[in-house]
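Close look at the chain arrangement
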Amino acid sequence: MSLDLETLFSEENNIPAEFALSEQIDQREYLSNGEMLTWDGQISEVFSPICVKTKDGLQRKRIGSYPVCTEQESMQALDAAVKAYDNGRGVWPTMSVADRIKCVEDFTRKMIEKKDIVVKLIMWEIGKSFADSVKEFDRTVEYIYATIDALKDLDRDSSRFQIEQGIVAQIRRSPLGVVLCMGPFNYPLNETFTTLIPALIMGNTLLFKPPKHGTLLHYPLLDAFRTSFPKGVVNTIYGRGNKIVPSLMQSGKINVLTLIGSSRVADELKKLHPKVNRLRAILGLDAKNAAIINKDADLNLAVSETVLGSLSFNGQRCTALKIIYVHRSIAQEFLKRLSAEVGKLKYGMPWEKGVMLTPLPEVNKPAYLTECIEDAKAHGAKVVNENGGQVSESFFYPAIVYPVNAQMKLYREEQFGPVIPVVPFDDLEEPIEYLIGSSHGQQVSIFSNNASVLSSLIDPLVNQVSRVNINCQCQRGPDTFPFTGRKDSAEGTLSVVDALRSFSIRSLVAAKFSESNKELLNEIVSADASNFLSTKFIF
Ligand code: G3H
């Protein structure tokens with residue numbers, strides 16, 4: 001496909017009406033302590049990665065603005081969350097599981113009513129294709145329903161007494177307290193909700209900070225949060241993270257930090273907590289997943305999975321393939337086929353059918369990627385695909401860079417964008433050593449049709465990363481599978497079931513199995529006097 005960046009962006013009046021935002025969204029409210037509070041202070045304007053042609057050249061389209069609150073408002077939100085938790089005595093942490101599930105179901109119904117606008121905002125705020133934005137919304141709703149089912153199962157298993165060594169006990173999972181939840185821009189709805197919803201449904205109270213790119217899409221959902229949960233259970237904080245988050249951590253009142261973002265930020269924030277042992281962290285962090293393509297691999301399959309793995313959503317996935325090791329004997333053929341396949345990918349505006357390559361939301365990203373390529377060139381690599389690395393404002397055409405070596409930024413840095421660094425190897429020991437020396441440890445993809453080659457890789461690699469993918473790209477899903485990482489890639493495990501465990505702790509009520517205790521326990525259960533000590537079965 002020949003590259004025509006001149007016509008990539010068009011005039012505003014050429015945007016198809018069904019995908020256009022009917023109006024700019026200037027958010028002047030935020031949810032705190034059960035109320036939508038009005039904000040008349042500083043704001044941040046939101047410009048889409050989608051540019052329009054104007055008489056002054058290409059300009060990112062303005063789509064709205066949101067509050068930039070201060071430390072004062074975030075501390076008020078913290079107070080609201082602390083009060084709603086009330087040392088574990090609040091309405092929400094003591095509510096029965098069945099009633100908490102009803103609130104989450106109520107929220108989900110209201111969320112679904114807002115699907116159209118949320119999907120459009122995902123597309124406009126981060127440039128994700130319309131089809132993938134719809135997928136992100138639907139996957140999130142499915143995740144919520146799967147979470148509800150998993151909690152029902154958990155609760156059913158806990159709805160009974162256990163008797164061991166003369167002790168009778170009931171064991172359940174209890175909330176941890178106040179959770180500070182921060183999501184990433186690349187899956188601003190889905191990844192945020194895969195921590196927020198489990199944290200909430202387990203009885204914690206929340207401070208929720210939307211990502212910098214992907215803020216407005218949460219605005220239509222704030223009223224659903226307000227009306228579905230007791231006052232102070234869900235509170236939003238808006239503003240610059242480095243201004244408003246440190247004091248929250250320093251207060252010592254945050255019990256759980258959940259962040260999908262950089263390990264540098266996570267490390268800094270954790271250290272600010274005055275009692276680190278009281279802080280639980282559930283983190284999804286940096287990753288630089290490698291593909292290892294051996295000489296006996298099905299080359300067409302390896303190429304198609306490399307394209308998907310490294311370029312879905314323009315490579316902006318934590319699970320993306322960010323470095324490709326290929327056996328030197330097949331490297332030239334691999335590059336030829338990979339370049340041809342990349343050349344066939346449709347680029348354009350997110351609403352275009354079948355589009356794969358779209359503009360990037362981070363303003364500095366095209367310049368950073370260009371710098372990585374220049375650095376690689378200075379150390380002996382080339383861009384091997386036609387048009388690779390061409391830029392038009394927020395759009396960056398994918399570049400395949402070869403041969404990459406240890407002196408280059410692309411060898412270690414997480415590029416998080418459409419650049420595919422390819423490293424030739426002679427011996428499988430070379431990619432294994434790379435993974436051992438890496439500060440990341442999320443996943444790896446291995447390509448071979450030879451069972452003994454695969455097994456020689458599986459055993460060393462499962463102890464380096466948390467998922468070894470055979471003959472396919474890396475990915476998070478299915479959401480019921482554990483999603484985690486070693487080293488600087490994660491802390492804690494997220495899957496539908498694991499997330500419920502991550503945001504809770506086991507608590508038990510125990511007594512000696514005496515006649516008088518039996519009577520007392522029976523009385524409490526029959527009178528339905530406790531939400532914890534209960535044998536009710538959720539259907
Ligand atoms: O950014 C990281 C996401 O969790 C990746 O999810 O592998 O399903 O695209 P995915």
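Computed from a predicted structure; not experimentally measured.

Considering the sheet that holds strand β19 (residues 419–425)
Picture the strands of a sheet paired through backbone hydrogen bonds; they go either parallel or antiparallel. The strand order across the open sheet built from seven strands is β15-β18-β19-β14-β13-β21-β22, with neighbouring strands paired in mixed fashion. This sheet does not close on itself; its edge strands, each paired only once, are β15 (382–383) and β22 (467–470). By the bridge criterion, two bridges tie β15 to strand β18 (residues 399–402) in an arrangement that is antiparallel. Looking across to β18, one finds that V383 is bridged to V401. Contacts from helix α10 (residues 299–311) reach β13 (289–293), β14 (321–327), β19 and β21 (443–447), with the element oriented near 160° to β14.

Quick word on the domain arrangement of the protein chain
The domain boundaries assigned to the protein chain delineate domain 1 (17–284) and domain 2 (289–483). One C-alpha centre belongs to domain 1, the other to domain 2; they are set 31 Å apart. Of the roughly 2000 Å² buried where domain 1 meets domain 2, counting both sides, 62% is carbon and sulfur surface. Considering only the side of domain 1, the residues that lose the most area to domain 2 are R60, R139 and F185, jointly responsible for 25% of the buried surface there. Across the contact surface, domain 1 and domain 2 share two salt bridges. A salt bridge links R476 to E191; its shortest N-O distance comes to 2.6 Å. On the surface where domain 1 and domain 2 come into contact, there are nine residue pairs in polar contact (both at pLDDT 80 or more).

Brief notes about the pattern of salt bridges
One pass over the structure, following the stated rule, counts 28 salt bridges. Between D153 and R156 there is a salt bridge; the shortest N-O distance is 3.1 Å. Separated by three residues within a single helix, D153 and R156 lie in helix α5 (residues 130–158), roughly one turn from each other. Taken together, the shared-partner salt bridges in this structure form one network comprising R139, E191, R476 and D479.

Considering the state of the cysteines
Per the counting criterion, the structure on display carries zero disulfides. C372 takes part in no disulfide bond, and the closest cysteine sulfur, belonging to C318, lies 19 Å away.

Observations regarding the sheet that holds strand β5 (residues 57–67)
In spatial order, the strands read β1-β5-β4; together these three strands make up an open sheet with mixed pairing. The open sheet has two edge strands, β1 (25–26) and β4 (43–54), and neither has a second partner. Strand direction decides the pairing type here: β4 and β5, joined by nine bridges, are antiparallel. Among the inter-strand pairings, C51 is bridged to a residue of β5, identified as R60. Packing of helix α4 (residues 115–126) onto the sheet brings it into contact with β1, β4 and β5, and relative to β4 it is tilted by some 75°.

Considering the packing of aromatic side chains
All chains considered together, the criterion is met by 17 aromatic pairs. Measuring from ring centre to ring centre gives 4.9 Å for Y411 and Y434, while their planes differ by 75°; the resulting arrangement is edge-to-face. Highlighted residues: Y411 in helix α13 (residues 409–412) and Y434 in helix α14 (residues 429–437), separated in sequence by 23 residues. Following the ring pairs from residue to residue traces out a cluster consisting of W92, F107, F193, F225 and F229. In this structure, K128 packs its charged tip against the face of F313, placed 4.8 Å from the ring centre. Against the face of F532 rests R172, its NZ or CZ located 6.0 Å from the ring centre.

Let's talk about the side chain of S312
Take S312: it is sitting in the loop between α10 and β14. Engagement of the side chain of S312 in a polar contact is seen with the backbone oxygen of L308, the distance being 2.6 Å. When near neighbours in sequence (up to four residues on either side) are disregarded, S312 contacts V307, R317 and M356.

Examining the site of the ligand
Around the ligand lies a shell formed by R139, N186, Y187, E191, R317, C318, T319, Q475, R476 and F483. In this structure, N186 approaches the ligand through a side-chain N or O atom, which is 2.8 Å from an oxygen atom. Measuring from an oxygen atom of the ligand, one finds a side-chain N or O atom of Y187 at 2.3 Å. Of the residues that constitute the shell around the ligand, the class distribution is three nonpolar, three polar and four charged. Counting contributing residues per domain, the shell around the ligand is built from domain 1 (17–284) and domain 2 (289–483), each supplying no fewer than three.

Focus: the environment of N463
Its location among the elements puts N463 in the loop between α15 (451–461) and β22. By relative accessible area, N463 is classed as exposed at 54%. Here the alpha-carbon distance between N463 and R486, two residues 23 residues apart in the chain, equals 8.8 Å.

How each quantity is defined
Residues numbered from 1 in each chain as written. Predicted model: local features only at pLDDT ≥ 70, side-chain atom pairs only at ≥ 80, totals over all residues. Heavy atoms only, no water. Pairing = 2+ DSSP bridges. Helix = DSSP H or I, 4+ residues; strand = E, 2+ residues; numbered from the N terminus. Contact = heavy atoms within 4.5 Å. Axes fitted to C-alpha atoms, helices over the stretch in contact; angles between N-to-C directions. Domains from an automatic or database assignment. Buried area = accessible area lost by both parts, 1.4 Å probe. Salt bridge = Lys/Arg side-chain N within 4 Å of Asp/Glu carboxyl O. Polar contact = N/O pair within 3.5 Å; in protein donor to acceptor, adjacent residues only side chain to side chain. Disulfide = S-S within 2.5 Å. Phe/Tyr/Trp six-rings, centres within 6.5 Å; stacked < 30°, edge-to-face > 60°. Lys NZ or Arg CZ within 6 Å of the ring centre and 35° of its normal. Near = heavy atom within 4 Å. Nonpolar A, V, L, I, M, F, W, Y, C, P; charged D, E, K, R; others polar. Buried < 20%, exposed > 50% of the residue type's maximum accessible area, 1.4 Å probe, protein only.

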